[in-house]
There are 2 protein chains.
Amino acid sequence: MNRFTSKIIKPTRFINSFNNSSCKCQYSSSSNNSQSIYPKNKNHLKNLPLPTANSFPKNEKINDYFQFEVVHQSSKSNARVTKITTPHGIIETPNFVPVATIGSIKFVDPVTTRQQNSQLMFVNTYHMIVNADLDTIEKAGGLHNFINYQAPIITDSGGFQVFSMGHPERHNTINEQDDSVTDVNDLVVSQSIEMTKRELKGMSGKKYPGSIESITDDGVIFRSYRTSSIIELGPQSSIQYQKKLGADIIIPFDELPPYHISEEKVRESLHRTHHWEGQSLLEHLKDPRQQAMYSVIHGGVNKEMRRESLEYLTSLPFDGVAIGGSIGKDRDEMNDLLSFLMPLVPRNKPNHLLGIGDLESIIRSVPLGIDTFDSSYPTRSARHGSILLAQSNDRFLITKSEYKSQYDTPLDKSCDCPTCKNYSTAYIHHLYKSNEQIFYTLATQHNLRAMARIMENIRFKIQANEI
Amino acid sequence: MNRFTSKIIKPTRFINSFNNSSCKCQYSSSSNNSQSIYPKNKNHLKNLPLPTANSFPKNEKINDYFQFEVVHQSSKSNARVTKITTPHGIIETPNFVPVATIGSIKFVDPVTTRQQNSQLMFVNTYHMIVNADLDTIEKAGGLHNFINYQAPIITDSGGFQVFSMGHPERHNTINEQDDSVTDVNDLVVSQSIEMTKRELKGMSGKKYPGSIESITDDGVIFRSYRTSSIIELGPQSSIQYQKKLGADIIIPFDELPPYHISEEKVRESLHRTHHWEGQSLLEHLKDPRQQAMYSVIHGGVNKEMRRESLEYLTSLPFDGVAIGGSIGKDRDEMNDLLSFLMPLVPRNKPNHLLGIGDLESIIRSVPLGIDTFDSSYPTRSARHGSILLAQSNDRFLITKSEYKSQYDTPLDKSCDCPTCKNYSTAYIHHLYKSNEQIFYTLATQHNLRAMARIMENIRFKIQANEI
């Protein structure tokens, strides 16, 4: 007997969609079959078909619900101010996208998050599959209703997490940095997993390692870190999960290859990712549900492969372009890669830099033309006591004893967040030192508001051609 | 060399006040003295003087700032509706007093706490001494300004915590119950320490055991659980700490005797407590600062000693009466003791039941004439998933899977708290199951609002002579 078949969690339409897929792999669509539903992993990547633009339905009006407008193109750089209109509201760019891993920013509820003028919010499909009841969310009318965030939401495919968390030994680059912060300058470039492995380890809900059982050309089978049950994630199922969640912007299933692998391996991974993204887009367009889908450009730090990836994926009818995968070991390498890539990215669609959103990276990447950034940066750094200052693009550590006696000034005199309106620096310092959990809420909501103001300032400067 | 003298933390006026005290104990007032400033513990309790009413200044106008009015006396029971006017606002009674251990309700900030119509809030002097900078708080104009709680505040003396946490082996009664809750009915009578020993153990800030170094007739010397430094707490210093905090209502220093001790030991402890309370009142009245002070009636479960304690303490010019110490091993024993005691408690001043505030105890004690109750009950039970319902005086465990699919109803349809206005039962259940920290905030603010509504309902019923 196959120990998986009886316990595999699938979205309702999983089996049908698999039957309809153009995947050439051999497998059984019956969950009662005594054989594994996945073949042994074979290197037959070159046989994986890559759909072309002609494979997709032609419908000019298909995404009336998703509109993109360049408001101002800076004369000084590639920076631009744009407006993205979604069914749940407008996203002004450049903008920062906070990460609500399992349907809430850590320590801040969705309504309060919105009140800090956060616009687009990021939810991780992987963590939702493991923790939430997606059927209830669909019945509730989707994530917006379920979590009461009445503004645009983006979900990822789960690809990043399933690879980085399931096989952590495959990744030891910038994605895997330690979560501890002793100095604010330690907060370097990081891919966005709001929960680092360290946090997950300490999290009481994580009973089991979220390990991968198998990776094939059809997708990934992994074990839930909550129940140890077997879950399948692939180009069709990821999209079906994202349909249930109902975010305004969704992401095709992709592979996150390790950082230090041979060029041949990167090329294999890129081919599989392109196949998966094509399958994801086909799956999505069967039932768009007023969702937009961004492609995810891969190719690691290899510029030629990045160019190839961009050329192929922008030939397909995606609604925007996200840049994913390993983009370097530090900000300089990232900057070098983006400087090469961004002039090639089409300007008639929005773009997004996946998992990067620290202050310095934003400031360096906006002039290259990046529209949106998601990251756990302001929320995670708040939990370590790093307080952002919007006017100076600076930050300070509230943990320092010099703040103990500042009872007559808020964290930031120019800030209009509830924390700064109501409380002094000395009180926030006291709460931190006393291990009072409300500290995390007060610091996080301030940093969310600070990020929103920093992005407002950036848009203002672009419109004045100062960036 | 004395290892304590160089590190003893004292309020500014500590040494002077000690010199002025009427304590007969031998000690040196110089912190540089090479001898211990405390004598060996000797049984000379009977020599400890108990001040009489004549020992105190006569000033009829001294507490214009603290007024008490009986609004309605029920014709059905000893229950009453009263109005207590303090410098920071009005307390309607009967009322519930949430516990903001170190200057914040756990997971809810002071402004949000006030918005749930919490009136009087309880802060623990012991935890403030250990964790906060009291000089900064005094400079900020006291606790109200420092934490921005613009409503009445009560502080305790630190006596309860220093004895129960410093020498936990002395206490194994109802005060010491386990914090885990598997059924809502497990939440029985508990003395109010918002942080149980178990929570303190798990709290990252608790580096050292908060152990007692010595207990003498002058007070207690204990080690900070944060820094391991030596701190003195006694009838004068407790009041001076409470002057710096500046609460509307303060509490005299008292001893918490263990539950299972001989009658002779209880009587010794009672005498010492009476001496300490007299010293505390003398210290307070030197500089009232618009604060009111309630006595704390002791005597354990011995009715005769309770009566003696009440008679002595109500002969002194305290502004109200609190009932402290061990009041029984369960609700029946408590009810028996209160049924005896309450008819003896003067009706022209407010009274308070220290550390009791669970729903069942409140419902049983209000008809006996209790005005205010403090407890960690609604906040701690919220953290365990127990959700209060104000209209039915009931509660349910959000942890149960039956709530997973209730996406179209709030926790309580009749509730106007931010949690019920914004979120569904299914989302709150999801946050609990996902170990999202914002669950604790949302559940706690709901329970605070529910308790405020339950007390409103109780006052309404008293006015209708239904209680």
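That block above? That's the structure.
Here the structure is a predicted model, which is why all the values come from computation and not from measurement. (Residues numbered from 1 in each chain as written. Chains lettered and ligands numbered in written order. Predicted model: local features only at pLDDT ≥ 70, side-chain atom pairs only at ≥ 80, totals over all residues. Heavy atoms only, no water.)

Asker: How should the relation of the copies chain B and chain A be read in this particular structure?
Answerer: Note that the two copies of the chain are related through a rotation about an axis and a translation along the same axis. Mapping chain B onto chain A leaves a residual RMSD of 0.0 Å; the transformation is a rotation of 180 degrees accompanied by 0.0 Å of translation along its axis. Accordingly, the operation relating the two chain copies is best matched by a two-fold axis. In this assembly, 98% of the residues forming the interface of chain B have copies in chain A that are likewise at the interface, indicating an isologous arrangement. (Least-squares fit on C-alpha atoms with pLDDT ≥ 70 in both. Contact = heavy atoms within 4.5 Å.)

Asker: Is there a simple way to think about the interface of chain B and chain A in this case?
Answerer: Size of an interface, as often reported, equals the accessible area lost when the parts are brought together. Contacts between the two partners involve 42 residues from chain B, matched on the other side by 41 residues from chain A. Both faces combined, the contact of chain B with chain A buries some 3400 Å², and carbon together with sulfur accounts for 55% of it. Together, Phe146, Tyr407 and Tyr427 of chain B form the three largest contributors to the area buried by chain B at its contact with chain A, with a combined 16%. Viewed at the interface, chain A and chain B are joined by two salt bridges. We note a salt bridge from Lys106 of chain A to Glu436 of chain B, for which the minimum N-O separation is 3.5 Å. Our count for the contact surface shared by chain B and chain A stands at 14 residue pairs in polar contact (both at pLDDT 80 or more). Of all the elements in the fold, those that place two or more residues in the side of chain B that touches chain A are α2 (110–115), α3 (125–131), α4 (134–139), α5 (143–147), α15 (425–433) and α16 (438–463) of chain B. A per-element tally of the side of chain B that touches chain A places α15 of chain B first, with five residues. Partitioning the side of chain B that touches chain A into residue classes produces 19 nonpolar, 15 polar and eight charged. (Buried area = accessible area lost by both parts, 1.4 Å probe. Salt bridge = Lys/Arg side-chain N within 4 Å of Asp/Glu carboxyl O. Polar contact = N/O pair within 3.5 Å; in protein donor to acceptor, adjacent residues only side chain to side chain. Helix = DSSP H or I, 4+ residues; strand = E, 2+ residues; numbered from the N terminus. Nonpolar A, V, L, I, M, F, W, Y, C, P; charged D, E, K, R; others polar.)

Asker: Explain the sheet that holds strand β9 (residues 230–233) of chain A here, please?
Answerer: Hydrogen bonding along the main chain pairs the strands of a sheet, whether they run parallel or antiparallel. All names here are of chain A. Read from one edge to the other, the open sheet built from three strands follows the order β7-β8-β9, with strand pairing classed as antiparallel. Every other strand in the sheet has two partners, leaving β7 (212–216) and β9 as the edge strands with one partner each. Strand-to-strand twist of the sheet, defined as the mean angle between neighbouring strand axes without regard to direction, takes the value 15 degrees. Where strand β8 (residues 219–223) lies against β9, four bridges are found, and the strand directions are antiparallel. The residue bridging Val220 from the neighbouring strand is Leu233, located in β9. (Pairing = 2+ DSSP bridges. Axes fitted to C-alpha atoms, helices over the stretch in contact; angles between N-to-C directions.)

Asker: In this structure, what is going on with the sheet that holds strand β3 (residues 89–93) of chain A? I would like to understand it.
Answerer: Residue and element names in this part refer to chain A. Spatial ordering of the open sheet is given by β1-β2-β3, a layout of three strands whose pairing is antiparallel. Strands at the two margins of the open sheet, each flanked by one partner only, are β1 (67–73) and β3. In this sheet, neighbouring strand axes are inclined to one another by 15 degrees on average, regardless of whether the strands run parallel or antiparallel. By the bridge criterion, five bridges tie strand β2 (residues 80–86) to β3 in an arrangement that is antiparallel. Looking at β3, one finds that Ile84 is bridged to Ile91. Sitting on the sheet, helix α16 (residues 438–463) is in contact with β1, β2 and β3, with an inclination near 125 degrees to β2.

Asker: What is the right way to read the environment of Thr52 of chain B from this model?
Answerer: Residues and elements named next belong to chain B. By secondary structure assignment, the location of Thr52 is in the loop between α1 (14–20) and β1 (67–73). What makes Thr52 partly exposed here is its relative accessible area of 42%. A sequence separation of 85 residues divides Thr52 from Ile137, and the C-alpha atoms of the two residues are 34 Å apart. (Buried < 20%, exposed > 50% of the residue type's maximum accessible area, 1.4 Å probe, protein only.)

Asker: Would you take a moment to explain the packing of aromatic side chains for this structure?
Answerer: The relative placement of two aromatic rings is captured by the distance of their centres and the angle of their planes. All chains considered together, the criterion is met by 24 aromatic pairs over all chains. Geometrically, the ring pair formed by Tyr126 of chain A and Tyr225 of chain A is tilted, given 6.2 Å between the ring centres and 40 degrees between the ring planes. Residue Tyr126 of chain A is found in helix α3 (residues 125–131), and its partner Tyr225 of chain A is found in the loop between β8 and β9; the two are separated by 99 residues along the sequence. Here Tyr126 of chain A and Tyr225 of chain A have matching classes, each one buried. When the ring of Phe396 of chain B is compared with that of Tyr403 of chain B, the centres are 4.8 Å apart and the planes differ by 45 degrees; the resulting orientation is tilted. You'll find Phe396 of chain B and Tyr403 of chain B in the same group, each marked buried. Every member of this aromatic cluster is reached through a ring pair, and the members are Phe107, Tyr432, Phe439 and Tyr440 of chain A. (Phe/Tyr/Trp six-rings, centres within 6.5 Å; stacked < 30°, edge-to-face > 60°.)

Asker: What am I meant to see in the pattern of salt bridges here?
Answerer: Proximity of charged atoms lets side chains of opposite charge pair with each other. Residue and element names in this part refer to chain A. Overall, the coordinates contain 42 salt bridges over all chains when judged by the stated rule. For the salt bridge of Glu308 with Arg267, the shortest nitrogen-to-oxygen distance reads 3.1 Å. Of this pair, Glu308 sits in helix α10 (residues 303–314) while Arg267 sits in helix α9 (residues 263–286), and the two are 41 residues apart along the sequence. One network of salt bridges, in which partners are shared, links Asp135, Glu138, Lys244, Asp287 and Arg289.

Asker: Could you clarify how one ought to interpret the environment of Pro94 of chain A in this entry?
Answerer: One can find Pro94 of chain A in the loop between β3 and β4 (95–98). Residues Pro94 of chain A and Val366 of chain A, 272 residues apart in the sequence, show an inter-C-alpha distance of 7.1 Å.

Asker: Can you help me understand the side chain of His446 of chain A in this one?
Answerer: Here His446 of chain A is to be found in helix α16. For His446 of chain A, the residues in contact, after removing those within four places along its chain, are Ile387, Leu388, Leu411, Asp412, Cys415, Cys417, Thr419 and Cys420 of chain A.

Asker: What is the right way to look at the pairing of strand β11 (residues 292–297) of chain B in this model?
Answerer: As a general feature of sheets, a regular strand has side chains that alternate between the two faces. Residue and element names in this part refer to chain B. Taking burial as the measure, the six residues of β11 include six buried ones, the bulk of the element. Judged by which residues are buried, β11 turns out to be covered on both faces: Ala292, Tyr294 and Val296 on one side and Met293, Ser295 and Ile297 on the other are all buried. Examined bridge by bridge, strand β10 (residues 249–250) and β11 share two bridges and lie parallel to one another. Residue pairing across strands places Ile250 opposite Met293, the latter belonging to β11. Strand direction decides the pairing type here: β11 and strand β12 (residues 320–323), joined by four bridges, are parallel. Along β12, the bridge assignment pairs Ser295 with Val321.

Asker: Help me understand helix α8 (residues 235–245) of chain B, please; the structure alone is not making it clear to me.
Answerer: Three or four residues apart is the spacing at which side chains of an α-helix point the same way, because the helix has 3.6 residues per turn. All names here are of chain B. Of all eleven residues making up α8, eleven are buried, and the element is well covered by its neighbours. For α8, the complete set of buried residues consists of Pro235, Gln236, Ser237, Ser238, Ile239, Gln240, Tyr241, Gln242, Lys243, Lys244 and Leu245. Backbone geometry just downstream of α8 places Gly246 in the positive-phi region, at approximately 70 degrees.

Asker: What's the story with the packing of α9 of chain A against α10 of chain A in this structure? I'm lost.
Answerer: Geometrically, a packed helix pair is captured by the angle between its two axes and the distance between the axes. All names here are of chain A. Following both chains from N to C, one finds α9 and α10 inclined at 15 degrees, their axes separated by 11 Å at the closest point. The orientation of α9 with respect to α10, classified from their angle, is roughly parallel. Of the two possible hands of crossing, α9 and α10 adopt the one that is right-handed. Residues Glu263, Val266, Arg267, Leu270, His274 and Glu277 of α9 form the contact with α10, whose own contacting residues are Met305, Glu308, Ser309, Tyr312 and Leu313. (Parallel < 35°, antiparallel > 145°, perpendicular 65-115°, else oblique. Left-handed = near helix turned anticlockwise from the far one by under 90°.)

Just distances and angles here, no functional claims.
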